[in-house]
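# Secondary and tertiary structure notes
Residues per chain, in single letters:
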Amino acid sequence: MTTHGGFEPVFCTIVPPHVLDKLAQAEDPALAGPARRTLQRDAFERTQRRLTTVLGATAVPSAAEGRPRRTVHDARHGTALPGHQVRGEGDAPGKDATVNRAYAGLGATFELFLRAFGRDSIDGDGLPLTATVHYDRDYNNAFWNGEQMVFGDGDGEIFLDFTIPIDVIGHELAHGVTQYTANLTYFGQPGALNESLSDVFGALIKQYTLGQTTTEADWLIGAGLLAPRVTGKALRSMKAPGTAYDDDVLGKDPQPATMDDFVRTGRDNGGVHINSGIPNHAFYLAATALGGHAWERAGQVWYDVLTGGELTAQALFADFATLTVKAARERFGGGEELDAVSKAWEQVGVRTP
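The text that follows walks through the structure, step by step, so that each part is easy to find. (Residues numbered from 1 in each chain as written. Predicted model: local features only at pLDDT ≥ 70, side-chain atom pairs only at ≥ 80, totals over all residues. Heavy atoms only, no water.)

### A word on the nonpolar core
Side chains of a nonpolar character, in soluble globular proteins, are inclined to be buried together. By size, the foremost hydrophobic cluster in this structure holds 99 residues, and its most contacted members are Phe159, Phe283 and Trp302. Setting aside residues up to four positions removed in sequence, tryptophan 302 forms contacts with Leu197, Val200, Phe201, Ala282, Phe283, Ala286, Phe320, Thr324, Val341 and Trp345. Counting residues in hydrophobic clusters, the runner-up holds 6 residues, among them Phe11, Ala75, Tyr135 and Tyr139. (Core = buried A, V, L, I, M, F, W, Y, C linked by side-chain atoms within 4.5 Å. Buried < 20%, exposed > 50% of the residue type's maximum accessible area, 1.4 Å probe, protein only. Contact = heavy atoms within 4.5 Å.)

Printed below as a string of structure tokens:
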């Protein structure tokens, strides 16, 4: 990755710290142990990412224009990155389903951004996509570290293989798109917007791959990731934030759907995985009001704002909302798109001019 001026250190995980914190307090050591080790590993990787950003990174060549260049590596339950290469672009599927899912998910993400938004890979310039699977042992997370995707296998008790939900892959790679565009500060409301944008594009990648309309989609993030013993459907719900899970071990989904329930906390980088429920719900409301395929209208508006150059790194919800109203007007005029976007923000309690 070529280091751009102004980039802040990026280390973004799909499972929020508050979920792992709760799990780490479980009485059963088979549940608490993997969660504690995951938290420790995440802290280490976060520190390493800061050092890498300070020291700079090696530039990598771009892929051919409009074509992905995917590489999947196997960490073999170690933590050295990227690990042993097991599949390159154009290679036939192997026997490892995790490798195949990672490869397919990288391709689906590339396809959505190229076909729906005209973006050539996550940096807009054909950046090769790299993933590592089988990271560490019982590792309960997946992350984007500013340069590549990394997937744990889960502990099998609470979390399953992190390559199973395609929106998890899309979510983490979308952090790369944000990194190369608005570079939203990963704290407080800007950080919650950062997380929300990854959920939005993760959901769009899933819907695009499945050919789903807004009414056919489940609007869940991470469906299929939770093990059978968990009382829950997914990590987050864009349709109904706060309802994704309610489990004896994991606790209850804390996401608010509106500003009335905005959570003020110093944990989780100021609640970035919690308050993201508010802009998530706004996108859901706008997309479902418009109907059809979400990437065609609501998704275009959100993409225009993310990549348009006016969204600052410190943007608040109201700043983002205002820009979506402006983008809807510029792209579609004063019709139903503008009305849907404006009403969506009003319904979640975020004011726009």
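### Quick word on the packing of helix H9 (residues 317-332) against helix H10 (residues 336-347)
It is at 8 Å that the axes of H9 and H10 come closest, and there the two elements cross at 170°. Classed by the angle they form, the pair H9 and H10 counts as roughly antiparallel. From H9, Phe320, Ala321, Thr324, Val325, Ala328, Arg329 and Phe332 reach across to H10, where they touch Glu337, Leu338, Val341, Ser342 and Trp345. Residue classes in the contact of H9 with H10 are distributed as 8 nonpolar, 2 polar and 2 charged. (Axes fitted to C-alpha atoms, helices over the stretch in contact; angles between N-to-C directions. Helix = DSSP H or I, 4+ residues; strand = E, 2+ residues; numbered from the N terminus. Parallel < 35°, antiparallel > 145°, perpendicular 65-115°, else oblique. Nonpolar A, V, L, I, M, F, W, Y, C, P; charged D, E, K, R; others polar.)

### Side note on the layout of surface pockets
A volume near 200 Å³ is recorded for the second largest pocket. Along the walls of the second largest pocket sit 14 residues, with His18, Val19, Asp21, Lys22 and Arg267 positioned nearest its centre. Mapped by element, the contributors of at least two residues to the lining of the second largest pocket are helix H1 (17-24) and strand E10 (251-252). Of all the elements, H1 adds the most residues to the lining of the second largest pocket, at 5 residues. Of the residues that constitute the lining of the second largest pocket, the class distribution is 6 nonpolar, 4 polar and 4 charged. (1 Å grid on protein atoms, 1.4 Å probe; cavity = no way out; pocket = protein on both sides within 12 Å on 5 of 7 lines; lining within 4 Å. Points joined across faces, edges and corners; volume = space filled by probe spheres on them.)

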